[in-house]
Amino acid sequence: MNTSEKAFYRHLALTSDAPMGISISHAEGPFFYSTENKRYTDFISGIAVSTLGHRHPAVVEALREQLDKHLHVMVYGEFIQKPQAEFAGLIASVMPDSLDRVYFVNSGTEANEGALKLAKKHTGRTKLIAFRDSYHGDTHGSLSVTGRDVYRDPYLPLLPDVSFFDFNDDAVLSAIDNKTAAVIMEPIQGEGGIIPSDPEWLKSVREACTKAGACLIFDEIQSGFGRTGDLFAFMGYGVTPDILTIAKAMGGGMPIGGIVSSSQIFESFMYNPPLNHVTTFGGHPMSCASGYAALKYTLEHNLPERAHYIEKKIRAGLSIEGVSEIRGKGAMLGMVLESFDMTKDVVGNCLENGLLLGWTLHSNTLVRLAPPLIIDDDVLDEAIEIIARAVRAYHK
Ligand code: PMP
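These notes cover the structure that comes with them. (Residues numbered from 1 in each chain as written. Predicted model: local features only at pLDDT ≥ 70, side-chain atom pairs only at ≥ 80, totals over all residues. Heavy atoms only, no water.)

Description of helix α4 (residues 82-93)
Part 1 of the argument: Here α4 spans 16 Å end to end across twelve residues, near enough to the 16 Å set by a 1.5 Å rise per residue.
Part 2 of the argument: Inspection of α4 places P83, Q84, F87, A88, L90 and I91 among the buried residues, and these make up the whole buried set. Within α4, the buried residues cover an arc of 165° as seen down the axis, which keeps them to one side. Away from its buried face, by an angle of more than 90 degrees, α4 presents the exposed residues K82 and S93.
Part 3 of the argument: Against the buried residues of α4 lie α3 (57-67), β4 (101-105), β11 (243-246), β12 (257-261) and α11 (285-300). (Helix = DSSP H or I, 4+ residues; strand = E, 2+ residues; numbered from the N terminus. Expected span 1.5 Å × (residues − 1). Buried < 20%, exposed > 50% of the residue type's maximum accessible area, 1.4 Å probe, protein only. Arc of directions from axis to C-beta. Contact = heavy atoms within 4.5 Å.)

Have a look at this one:
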């Protein structure tokens, strides 16, 4: 073991007793390289982060430019910092008129924490509605609306006044009432096993929220920034939330998150008292500079369209014996296999052959397929072939 490997196992607080433990040397485009100089194709994009691949030239250039100007200068919301203000403007320009402001934070879970507080303050209500198998993050508020008991139980009690309903089930509609502050949901559940919401059901949830005066929060932390074939999944559904949370791919590889909502709703954070929701590092100038460059590139090169193309290729190449279903939209896909044993075997086989796959948090028979959208045809074809060979090898 070299020094970093020793320190990793001895001094880094780990999240499980079985980390993948690949020592990273560098990463470029759709590839990352181990210190043993093995090349891997990244087919999960650091969990929906590296939509532009690794070290995209537009991102690297923006970071270099910002590095020469300034790093942190002041807590969020006081100074006019060009990368932050212009990134907010660019995000607002691609949103419906009602989503005209962005509050920058540092991560996905922090965006959801802020969104829940915003909905409570705006409505003056406390009741929260969420869905089974959802995943919204691991801080207390986000965990309170995450729909999987095994992750919640060790931390009870969590936030009060939260109820869970089945995803895509009408039972939720009658529960949305004039005590409800918010309904929080992923329009396409990610960790739950890549489960798209039913378009008609989603419209009914929107109508019920509007009628009850409850905020509809869409968590597009995983599905945003072109991954699903629309810039944001809600745009494909034609259903606009009151509050949108974003992160992951937002920073082009840098850490950042955001809450997007209307000027009217965001007033709750300005008054009674002022400064009732603040952050030191939210919207760090480096993250905003790279996020701006990443979004600009995504728009100029129509990466959502590329996600559709990737979906077609994957569906065509992996509709084979042994694969029960390919689920999801665009390049946010899940390949359903027959058992956990098969999933482990296929993922392990692909890794040996230089292709990184993974599974989702709440499902162990589904393999996550989420390549960078900049992946070119040769690399994509090769990856699909490696997966198909691994499935056949298990099945023979
Ligand atoms: N919401 C969703 C839908 C996610 O997929 C995730 C991360 N997997 C989060 C929230 C939490 O984001 P973060 O890890 O940046 O806190």
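This is not the end of the story, as more comes after the structure.
Thoughts on the side chain of R206
Part 1 of the argument: On the secondary structure map, R206 appears in helix α8 (residues 199-212).
Part 2 of the argument: A distance of 2.9 Å separates polar atoms of two side chains, one belonging to R206 and the other to D242.
Part 3 of the argument: Sequence-distant contacts of R206, that is, excluding residues within four places in its chain, are made with A214, L216, V239, T240, P241 and D242. (Polar contact = N/O pair within 3.5 Å; in protein donor to acceptor, adjacent residues only side chain to side chain.)

Comments concerning the site of the ligand
Part 1 of the argument: As a structural note, the neighbourhood of the ligand is formed by 13 residues, with G108, T109, D219, Q222 and K248 the closest of them.
Part 2 of the argument: A distance of 2.8 Å is found between an oxygen atom of the ligand and a side-chain nitrogen or oxygen belonging to Q222.
Part 3 of the argument: Contact with the protein chains hides 82% of the accessible area of the ligand, taken as 390 Å² for the molecule alone.
Part 4 of the argument: Spatially, the ligand is embedded in the largest pocket.
Part 5 of the argument: Ranked by the residues each element gives to the shell around the ligand, the list is headed by helix α5 (residues 108-123), at three residues. (Near = heavy atom within 4 Å. Areas by Shrake-Rupley, 256 points an atom, 1.4 Å probe, with all protein chains shown as cover. 1 Å grid on protein atoms, 1.4 Å probe; cavity = no way out; pocket = protein on both sides within 12 Å on 5 of 7 lines; lining within 4 Å. Sits in = over half its atoms within 2 Å of the grid points.)

A look at the layout of surface pockets
Part 1 of the argument: Empty space within the largest pocket amounts to approximately 1,700 Å³.
Part 2 of the argument: As for the largest pocket, its lining consists of 49 residues, and the residues nearest its centre are T15, I47, W359, L361 and R368.
Part 3 of the argument: Of all the secondary-structure elements, those providing two or more residues to the lining of the largest pocket are β1 (24-28), α2 (45-48), α5, α13 (340-352) and β16 (358-360).
Part 4 of the argument: Tallied by class, the residues present in the lining of the largest pocket amount to 25 nonpolar, 17 polar and seven charged.
Part 5 of the argument: Lining the second largest pocket we find 22 residues, and of these Y76, G77, R101, V102 and Y103 sit closest to its centre.
Part 6 of the argument: For the lining of the second largest pocket, the secondary structure elements donating two or more residues are α4 and β4.
Part 7 of the argument: Per element, the largest residue contribution to the lining of the second largest pocket is four residues, and it comes from β4.
Part 8 of the argument: Grouping the amino acids of the lining of the second largest pocket by side-chain chemistry returns 15 nonpolar, five polar and two charged. (Points joined across faces, edges and corners; volume = space filled by probe spheres on them. Nonpolar A, V, L, I, M, F, W, Y, C, P; charged D, E, K, R; others polar.)

Re the packing of α4 against α11
The geometry of a pair of packed helices is captured by two quantities: the angle between their axes and the separation between those axes.
Part 1 of the argument: At a minimum axis distance of 8 Å, the contact between α4 and α11 shows a crossing angle of 30°. In this view, α4 runs roughly parallel relative to α11, as classed from their interaxial angle. Relative to α11, the crossing made by α4 is left-handed. Between α4, through P83, Q84, E86, F87, L90 and I91, and α11, the contact on the second element is made entirely by P285, C288, A289, G291, Y292, L295, K296 and L299. (Axes fitted to C-alpha atoms, helices over the stretch in contact; angles between N-to-C directions. Parallel < 35°, antiparallel > 145°, perpendicular 65-115°, else oblique. Left-handed = near helix turned anticlockwise from the far one by under 90°.)

Digging into the sheet that holds β11
Part 1 of the argument: Across the sheet, seven strands lie side by side as β4-β12-β11-β10-β7-β5-β6; this open sheet has mixed pairing. Sheet topology places β4 and β6 (162-165) at the edges, where each strand pairs with a single neighbour. Here the average twist between neighbouring strands, direction ignored, is 20°.
Part 2 of the argument: Where strand β10 (residues 215-219) and β11 come together, three bridges link them in parallel fashion. The residue bridging F218 from the neighbouring strand is L244, located in β11. (Pairing = 2+ DSSP bridges.)

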